[in-house]
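Residue-level listing of the chains:
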Amino acid sequence: MRLLKQRRLSGDAARFPTRKTAGNRVGFRREVATVIDQDQSIAGRIADLIDAELVDAPRDTISDRATLAAFRAARVPPFETTVNFSGGLTQRCWTVTRTDGTYRVVYLPLAGYFSLCVESDFGPLDIGVHGPALGCFASV
């Protein structure tokens, strides 16, 4: 196992949860440490990130609970997908929710976070909504 450090702005709309966290506030940034099992597949690691996020998901309001239920219903086992980015760039990413005909949530392995993509004639297109999976899903 190794420790993966992730940085995020403290003003993010949604907290990026982890199973084991150790961090302290330094200015406007917070460092979060996540234990990652290197023997696990990439799809398994992504599923663990989502599971940890769902454990810490807010359930305070009816809206929070409805979003959480809708995300769980739309969630699929991660599978590889080619995502298009502006400028004609493409990247191999991992789809984590089924499409609703217009949007889907994918994991960007090179960036280390999730993204909301719009469906197009050429496949999923990144639209610049990035962060935790539930936060991206709730943006629709």
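Described in the following lines is the structure provided in the data block.

Rules behind the numbers
Residues numbered from 1 in each chain as written. Predicted model: local features only at pLDDT ≥ 70, side-chain atom pairs only at ≥ 80, totals over all residues. Heavy atoms only, no water. Buried < 20%, exposed > 50% of the residue type's maximum accessible area, 1.4 Å probe, protein only. Helix = DSSP H or I, 4+ residues; strand = E, 2+ residues; numbered from the N terminus. Pairing = 2+ DSSP bridges. Contact = heavy atoms within 4.5 Å. Core = buried A, V, L, I, M, F, W, Y, C linked by side-chain atoms within 4.5 Å. Disulfide = S-S within 2.5 Å. Salt bridge = Lys/Arg side-chain N within 4 Å of Asp/Glu carboxyl O.

Counted residue by residue, strand β6 (residues 103-108) has five buried out of six residues, so it is predominantly covered. Sheet topology note: the strand β5 (residues 89-97)/β6 ladder contains two bridges and is antiparallel. Considered in β6, the bridge of Thr 95 is made with Val 106. Taking the residues that link successive antiparallel strands as the turn, the β5-β6 hairpin has five residues, and the phi of Gly 101 there is positive, at about 100°. Both β6 and strand β7 (residues 113-120) contribute to a ladder of six bridges, which runs antiparallel. From the neighbouring strand, Tyr 103 faces β7, where its bridge partner is Val 118. Remark: four residues form the turn of the hairpin made by β6 and β7, two consecutive strands paired antiparallel; Gly 112 in that turn has positive phi of roughly 85°.

Bringing the side chain of Gln 91 into the picture now. In this fold, Gln 91 is placed in strand β5. If we skip the residues at most four places from it in the chain, Gln 91 touches Thr 81, Thr 82, Val 83, Phe 85, Leu 108, Pro 109 and Leu 110.

Before going further, it helps to spend a moment on the nonpolar core. Core analysis: the biggest nonpolar cluster contains 18 residues, and Ile 46, Ile 50, Phe 71, Val 105 and Phe 114 have the highest contact counts within it. Of all the secondary-structure elements, those providing two or more residues to this core are α1 (42-55), α2 (62-74), β5, β6, β7 and α3 (133-138). With near-sequence residues (within four places) excluded, Val 105 lies in contact with Trp 94, Thr 95, Val 96, Thr 97, Phe 114, Ser 115, Leu 116, Ala 133, Cys 136 and Phe 137.

This brings us to the state of the cysteines. On inspection of all chains with the given rule, the structure shows zero disulfides. Of all cysteine sulfurs in the structure, the one in Cys 117 sits closest to Cys 93, which takes part in no disulfide; the separation is 6.8 Å. Given a relative accessible area of 0%, Cys 93 falls into the buried group.

Opposite charge on two side chains allows them to pair when their charged atoms are near. Counted under the stated rule, the structure contains three salt bridges. Notably, a salt bridge pairs Glu 80 with Arg 92, separated by 3.6 Å at the nearest N-O pair. You can see Glu 80 sitting in strand β4 (residues 75-85) and its partner Arg 92 sitting in strand β5, a full twelve residues away along the chain.

You can see Cys 136 is positioned in helix α3. Residues within four places of Cys 136 in sequence aside, it is in contact with Val 105, Phe 114, Ser 115, Leu 116, Val 129, His 130 and Gly 131.

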